[in-house]
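Coordinate inspection notes
One letter stands for each residue in the lines below.
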Amino acid sequence: MKRINLGLAVALLTLAAASSIVLKSPNESADAQDVETGFRPLVAQMETLLQTHHFNRDALQGEHYDNTLAALYALAETAPDQEAFLDGFRTVWAEGPFSHVNLMPSNNTAAEMSAYFDAMNVGPEAKDLSFVDNIAVLSVHTMMGQDTVRFIENAFEEIVAHEPDALIIDLRRNEGGAFAMRPTVSGVIENPVDAGYFISRRWTDHNEHQPTRADIVALDPCTGWSVREFWDAVIEEAVIRVRFLPSETVYRGPVYVLTSEATASAAEMAVEALQAAGRVQVIGEPTAGQMLSQRPFDLDGGFLLFLPIADYYSLNTGRIEGHPVQPDIRVDADQALVRAMELARE
């Protein structure tokens, strides 16, 4: 079964209780009108939003998409309450034709949620730095959070000052999120890395082919590293170029990156960029192969629908959605740290 990549939504569900974002409990029953009429109007609104905002109309054609949509309409007719509908939605979309689709109840609008993304903090449990036998182990479990960005930047200063024999970056639990992948990459590269590009509906509506490498390098790279700025750019631009620049403080020793089948989205972008640059050895399992950019949209009844608005292509290996990043050394995820430590000690 395909994993459901919730991206930004995962972080919000995890952090809502400790933030100003208020999500409705999935145990709240739908109101009387919803129970009486079923959830069919909600699914119809989802279908309209997908047709309007999905990055590629072609992805909304064919038997796979039609079957997924039919299953949602069937669920809408039979789900007795909101909790059952949400559970059923997750089950149906786990086998859907593309990733980064999620539904959640929320007391906040999509605009309010979007404003929150760039300012949110995720808490200390999302990252850790330790030193074992003079080997640095940097664990990053999400790419969300301003505190994650600051932690990674500060961690590299500590790592460089410590002068370890090697660095292990553990992304096995990282399902992506936002732009904390920037300091993760920038902290170990010595030269700029042209990683890839996002294409939006503005491109796919008018082109049947991918932009060429010459098309990409002619563009100014994205420099905002803000969720809201990126979403605005997707609306305005057909193609968005991604380029990583070295940090002021760079670790130049051996680097190993740990992955699992849960490593997804922005974390996959970071892994692929570092691997393509020849800067790291990737150890573990193939990644999730779920690299799209999602944003929330308002639905009636106090729901938010997250759907993909841009697709990402590596300049080196091509599309990541549906094509997991392959490790250099393949081992079970739970053995990846042990294997990396063995290599670091050699």
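Residues numbered from 1 in each chain as written. Predicted model: local features only at pLDDT ≥ 70, side-chain atom pairs only at ≥ 80, totals over all residues. Heavy atoms only, no water.

1. Some thoughts on the overall build of the protein
- Regarding its fold elements, the protein presents 13 helices and 12 strands.
- By the burial criterion, 55% of the 346 residues in the protein qualify as buried.
- A fraction of 81% describes how many contacts in the protein between residues 6 or more apart in sequence connect residues 24 or more apart.
- Entry remark: accessible area of the protein is about 14900 Å², with carbon and sulfur atoms responsible for 47%. (Helix = DSSP H or I, 4+ residues; strand = E, 2+ residues; numbered from the N terminus. Buried < 20%, exposed > 50% of the residue type's maximum accessible area, 1.4 Å probe, protein only. Contact = heavy atoms within 4.5 Å. Areas by Shrake-Rupley, 256 points an atom, 1.4 Å probe, with all protein chains shown as cover.)

2. Regarding the side chain of Ser 186
- Among the secondary structure elements, Ser 186 is positioned in helix α8 (residues 181-186).
- In this structure, Ser 186 is in contact with Phe 244, Leu 245, Pro 246, Ser 247 and Val 250, ignoring residues within four places of it in sequence.

3. Things to note about the nonpolar core
- Grouped together as the largest cluster of nonpolar side chains are 88 residues, with contacts concentrated most on Phe 85, Phe 89, Met 143, Leu 167, Phe 198, Phe 244 and Val 257.
- In terms of residue count, strand β10 (residues 303-314) provides more of this core than any other element does, 8 residues in total.
- Excluding its chain neighbours within four sequence positions, the residues that come into contact with Phe 244 are Met 181, Arg 182, Val 185, Ser 186, Ile 189, Asn 191, Pro 192, Val 193, Ala 195, Trp 225, Met 269 and Ala 273.
- Among the nonpolar cores identified, the runner-up in size contains 13 residues, and Ala 166, Ile 283, Ala 340 and Ala 344 belong to it. (Core = buried A, V, L, I, M, F, W, Y, C linked by side-chain atoms within 4.5 Å.)

4. Some remarks on the environment of Ser 265
- Topologically, Ser 265 is positioned in the loop between β7 (255-259) and α12 (266-276).
- A relative accessible area of 5% means that Ser 265 is categorised as buried.
- Along the sequence, Ser 265 and Gly 289 sit 24 residues apart, while their C-alpha atoms lie 7.5 Å from each other.

5. Thoughts on the sheet that holds strand β8 (residues 281-284)
- Spatially, the 6 strands line up as an open sheet ordered β2-β3-β4-β7-β8-β12, and their pairing is mixed. Across the chains shown, the open sheet's two edge strands, defined by having one partner strand only, are β2 (127-132) and β12 (329-330).
- Where β2 lies against strand β3 (residues 135-140), 6 bridges are found, and the strand directions are antiparallel. Following the sheet pairing, Ser 130 is matched in β3 by Val 137.
- The sheet strands contacting helix α7 (residues 146-162) are β2, β3 and β4 (166-170), and the helix crosses β2 at an angle near 15°. (Pairing = 2+ DSSP bridges. Axes fitted to C-alpha atoms, helices over the stretch in contact; angles between N-to-C directions.)

6. What about unusual backbone geometry?
- Located in the positive-phi region is Asp 133, a residue other than glycine, with phi close to 50°.
- Along the chain, Asp 133 falls in the loop between β2 and β3.
- In this structure Asp 133 comes out as exposed when scored by relative accessible area, which is 52%.
- Positioned with a positive phi, Ser 265 is a non-glycine residue whose angle comes to about 55°.

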